[in-house]
Amino acid sequence: MTSDSVRSPTASPGWMRWWNRTRYQLYAPIYDWLARPLEEGRKRAIEQVAPSSDDRILILGSGPGSDLEYLPREAEITAVDVVPEMVRRTTSKAGALNMNVDAQVGDVQALPFEDDSFDVVLLHLILSVVPDPKAAAAEAARVLASNGRVSIYDKFVPSGTEPSLLRKALNPLARFLFSDLTRELDPLLSQADLEVVTPRKSSLGGLYTAAVARPIHAVDTGYGTASE
Ligand SMILES: C[S@@+](CC[C@H](N)C(=O)[O-])C[C@H]1O[C@@H](n2cnc3c(N)ncnc32)[C@H](O)[C@@H]1O
């Protein structure tokens with residue numbers, strides 16, 4: 001499948017979808033280097049969601065597969081990214097780690113999977129990137145098993161607060177180059193019937209937040225109570 005034939009929602013303009021793909025195509029060769037400061041936060045996020053070998057795991061916006069080395073080698077893993085070069089790099093990293101990963105070109109805002117297909121969904125550094133984060137959260141919730149869990153790791157404004165003046169000032173450039181600095185997590189989750197069920201862990205001066213979310217009516221609530 002080519003990136004042009006990927007199912008895309010019509011909500012965002014064509015130029016926005018084009019630029020969203022093009023910028024990450026350009027970053028692909030240096031992404032590992034750019035994302036190195038985020039590794040510790042990523043590792044902690046994955047530890048918190050505690051994936052097991054029996055889980056069906058979906059990585060949304062996989063990039064070059066940076067999450068793979070922290071996931072169980074035997075798990076059934078599917079990865080989706082809208083940039084073919086990122087998908088190629090995910091496949092190559094999986095091979096190097098001797099992991100079996102089904103990496104596909106696709107749009108996280110309109111996933112080609114049945115409802116209830118995955119036990120664990122990783123939303124790492126993607127909700128702040130996509131033009132329509134509500135659609136991405138809703139799709140993550142749709143394909144998640146009713147007792148599944150979602151690992152979230154991204155830049156969000158603290159819950160219930162306005163973005164600071166600094167964030168607002170930097171946002172036009174940040175949004176153009178990488179990702180939005182002014183998004184709040186909880187409204188995205190609640191419209192998808194998801195809720196945070198772990199304490200939120202922040203890193204890099206509070207810019208990044210890691211948390212586990214689950215369907216609001218999940219039966220097993222073994223992830224403790226949510227608190228800041
Ligand atoms: C900031 S990188 C995050 C990569 C990886 N998840 C990580 O944690 O390092 C964002 C990734 O999302 C991909 N992406 C952007 N928009 C997307 C979309 N609509 N559907 C699928 N992937 C998308 C980009 O190609 C890029 O690889």
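**Considering the overall build of the protein**
Regarding its fold elements, the protein presents 7 helices and 8 strands. A compact globule built from 228 residues should have a C-alpha radius of gyration of about 17 Å, and the protein, at 16 Å, falls within 12% of that. With 228 residues in all, the protein has 42% of them scored as buried. In the protein, the proportion of contacts linking residues at least 24 apart, taken out of those at least 6 apart, comes to 70%.

**Some thoughts on the nonpolar core**
Formed by 56 residues in total, the largest nonpolar core has its most connected members in L60, V121 and A140. Residue contributions to this core peak at 6 residues, all from helix 5 (residues 133-143).

**Regarding unusual backbone geometry**
Backbone geometry follows two general trends: most residues other than glycine have a negative phi, and most peptide bonds adopt the trans configuration. Non-glycine residue L125 carries a positive phi angle of around 55 degrees. When the 23 C-beta atoms within 10 Å are taken as the criterion, L125 is described as buried. Here L204, not a glycine, exhibits a phi torsion of approximately 50 degrees, which is positive. Looking at L204, the number of C-beta atoms within 10 Å reads 11, which means it is exposed.

**So, helix 5**
Extensive coverage of helix 5 is indicated by the burial of 8 of its 11 residues. On its buried face, helix 5 sits against strand 1 (56-60), strand 4 (118-124), strand 5 (144-155), helix 7 (185-190), strand 6 (194-196) and strand 8 (208-215).

**Side note on the pairing of strand 2 (residues 76-81)**
In terms of burial, strand 2 is a largely internal element, 5 of the 6 residues being buried. Sheet topology note: the strand 1/strand 2 ladder contains 5 bridges and is parallel. Across the sheet, L60 pairs through a bridge with V80, a residue of strand 2. Of the pairings in the sheet, the one linking strand 2 to strand 3 (residues 101-105) comprises 5 bridges and is parallel in character. When the bridges of strand 3 are listed, T78 appears paired with D102.

Here is what the cut-offs are and how they apply
- Residues numbered from 1 in each chain as written.
- Predicted model: local features only at pLDDT ≥ 70, side-chain atom pairs only at ≥ 80, totals over all residues.
- Helix = DSSP H or I, 4+ residues; strand = E, 2+ residues; numbered from the N terminus.
- Rg over C-alpha atoms; globule rule 2.2 N^0.38 Å.
- Buried ≥ 20, exposed ≤ 12 C-beta atoms within 10 Å, placed from the backbone.
- Contact = placed C-beta atoms within 7 Å.
- Core = buried A, V, L, I, M, F, W, Y, C linked by C-beta atoms within 7 Å.
- Pairing = 2+ DSSP bridges.

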